[in-house]
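# Reading the structure
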Amino acid sequence: VMGGRSFGETTFVDGAMTFAGTIVTDGGGFSSLRLELPLGGLGEATAMQQRVRADGRSYEIVADEVAPGRERQVSHFGTLPVDGSGAWEEVSVVLGEMEARFFGRPVDDAPFEPAQATSVGVFLADGLDGPFMIEVDWIDACS
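Quick caveat, the model's predicted, so the values are computed rather than measured.

On to the sheet that holds strand β9 (residues 105–106). Within the open sheet, the 6 strands sit side by side as β3-β10-β5-β6-β8-β9. Their pairing is antiparallel. Looking along the sheet, the strands with just one partner apiece sit at the ends: β3 (31–36) and β9. Taken together, the 7 bridges between strand β5 (residues 59–65) and strand β10 (residues 117–124) define a ladder with antiparallel strand orientation. Considered in β10, the bridge of Asp-64 is made with Ser-119.

With that settled, the discussion passes to the nonpolar core. Leu-42, Tyr-59, Leu-80 and Ile-134 are the most contacted members of the largest nonpolar core, which totals 27 residues. At the level of secondary structure, the elements contributing two or more residues to this core comprise β2 (16–23), β4 (47–54), β5, β7 (89–94), β10 and β11 (130–142). With 4 residues, β10 is the single largest residue contributor to this core.

Thresholds applied
Residues numbered from 1 in each chain as written. Predicted model: local features only at pLDDT ≥ 70, side-chain atom pairs only at ≥ 80, totals over all residues. Heavy atoms only, no water. Pairing = 2+ DSSP bridges. Helix = DSSP H or I, 4+ residues; strand = E, 2+ residues; numbered from the N terminus. Core = buried A, V, L, I, M, F, W, Y, C linked by side-chain atoms within 4.5 Å. Buried < 20%, exposed > 50% of the residue type's maximum accessible area, 1.4 Å probe, protein only.

Pasting the structure below:
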């Protein structure tokens, strides 16, 4: 993105998604993937649960939304509470506790509206150079 040198790609093995690559902090320093959602977004969900296996870096769930009357898209971020042990973990992110950001900077905004979500994804921008890998077995939006 805009001259960044970080790289990330996804692969699928036995139904699980692997998101892996390399972060280069000189000229950006992040990598992300997103899945567009159908109209109605995440409905009335209050949390997102996921089964993941991670390498110890600080990953976040990101959800984009465009609420009625708002001219700009705001992204909401929630830290994935993984221990980095390399074992499969089931973790949860409370949607109402996600932080609003606009182009990576925190903004004062209304709480996240799950039904207005346009995409969800995984984001890494922990300020560290080097390889990364997170595997996602499943993600579930739940109440």
